[in-house]
Every structure is written in structure tokens, then in C-alpha cells.
Amino acid sequence: MAGDDDDFIYDEASGEWINAADARASAASVDRVEVRDSVGNLLADGDQVTLIKDLTVKGAGQTLKRGTLIKSIRLTGDPQEIDCRYDGIKGLVLRAEFVRKR
């Protein structure tokens, strides 16, 4: 009886037949995007971050000052963007290079 170790699938990216177990492991690692803050700390959903510089929020007519605490961030899948909420600003997306993990 053949197990998953004997199954091969065609990988369009490389143009080769690869082991099905290797393909699943590769797909799982692609789904995980590492998002790092300005000093290299790894960020995760729910982390608290602090702004490292004043940022003007386009469309909101307000400036977020350096040292502002942003609670409960969410990762977007982009290694440089984080989604967050702040009083009076809906849909705030910050670049990871402007925040530091608290």
C-alpha cells in the first residue's frame, strides 16, 4: 500500500516532480510571512507597538506622535505592513519600519 511518501506532484514553479510531503511543507512555510519592526523584533498578531516617529495620517487630517501606543495589531500578509486600530481612524495600516515592539 502506497503512503504519502510515495506520492509525487508536479511543481510548476521549479518544473520538477517533487515528493508530496515536501510540497506540503513548502506550502506551509510560504503562508508564514515574517514581519519585523524597526529594530528587528518579530511581530505577531495581537502585539502592542510604539511609533518611532511622527506620522501624518492621510485622509484623517491628524498626526500620530512619536511614542504613541498602538494595541492589538494584525499582520496583513505583507512583510512591511501591519493593520491596526486607533481612536478615530478606521482602517489604519502602518509600515513596520516605523514601529517598535513593546
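Here is a short report on the structure shown in this document. Just so it is clear, the model here is predicted, and its values are computed rather than measured. (Residues numbered from 1 in each chain as written. Predicted model: local features only at pLDDT ≥ 70, side-chain atom pairs only at ≥ 80, totals over all residues. Heavy atoms only, no water.)

**So, the pairing of strand β10 (residues 81-86)**
Where strand β9 (residues 74-75) lies against β10, 2 bridges are found, and the strand directions are antiparallel. When the bridges of β10 are listed, arginine 74 appears paired with aspartate 83. Taking the residues between adjacent antiparallel strands as the criterion, β9 and β10 are bridged by 5 residues, where glycine 77 takes a positive phi near 100 degrees. Relative to strand β11 (residues 89-95), β10 runs antiparallel, the two sharing 5 bridges. Within the sheet, the bridge partner assigned to cysteine 84 lies in β11 and is leucine 92. Count of turn residues in the β10/β11 antiparallel hairpin: 2 residues, of which glycine 88 carries a positive phi of about 80 degrees. (Pairing = 2+ DSSP bridges. Helix = DSSP H or I, 4+ residues; strand = E, 2+ residues; numbered from the N terminus.)

**So, the side chain of aspartate 37**
As for its placement among the helices and strands, aspartate 37 is situated in the loop between β3 (35-36) and β4 (42-43). Of the buried charged residues, aspartate 37 lacks a salt bridge, with arginine 100 as the closest side chain of opposite charge at 6.2 Å. Discounting chain neighbours no more than four positions away, the residues touching aspartate 37 are Leu43, Ala96, Val99, Arg100 and Lys101. (Buried < 20%, exposed > 50% of the residue type's maximum accessible area, 1.4 Å probe, protein only. Lys, Arg positive; Asp, Glu negative; His and termini not counted. Salt bridge = Lys/Arg side-chain N within 4 Å of Asp/Glu carboxyl O. Contact = heavy atoms within 4.5 Å.)

**Comments concerning the nonpolar core**
Ranked by size, the top nonpolar core spans 16 residues in total, and within it Leu43, Val49, Ile73, Ile82, Leu92, Leu94 and Val99 carry the most contacts. Breaking this core down by element, the ones donating at least two residues are β5 (49-51), β6 (55-57), β10 and β11. Of the residues forming this core, the biggest block, 3 residues, is contributed by β11. The residues contacting isoleucine 82, other than those within four sequence positions of it, are Val35, Leu43, Val49, Ile73, Arg74, Leu75, Thr76, Leu92, Val93, Leu94 and Val99. (Core = buried A, V, L, I, M, F, W, Y, C linked by side-chain atoms within 4.5 Å.)

**Some words on a nonpolar patch on the surface**
Together, Phe8, Tyr10 and Trp17 make up an exposed nonpolar region whose accessible area comes to about 410 Å². Mapped onto the elements, tyrosine 10 comes out in strand β1 (residues 8-11). (Patch = residues over 30% accessible without salt bridge, like charges linked within 9 Å, V, L, I, M, F, W, Y side chains within 5 Å. Areas by Shrake-Rupley, 256 points an atom, 1.4 Å probe, with all protein chains shown as cover.)

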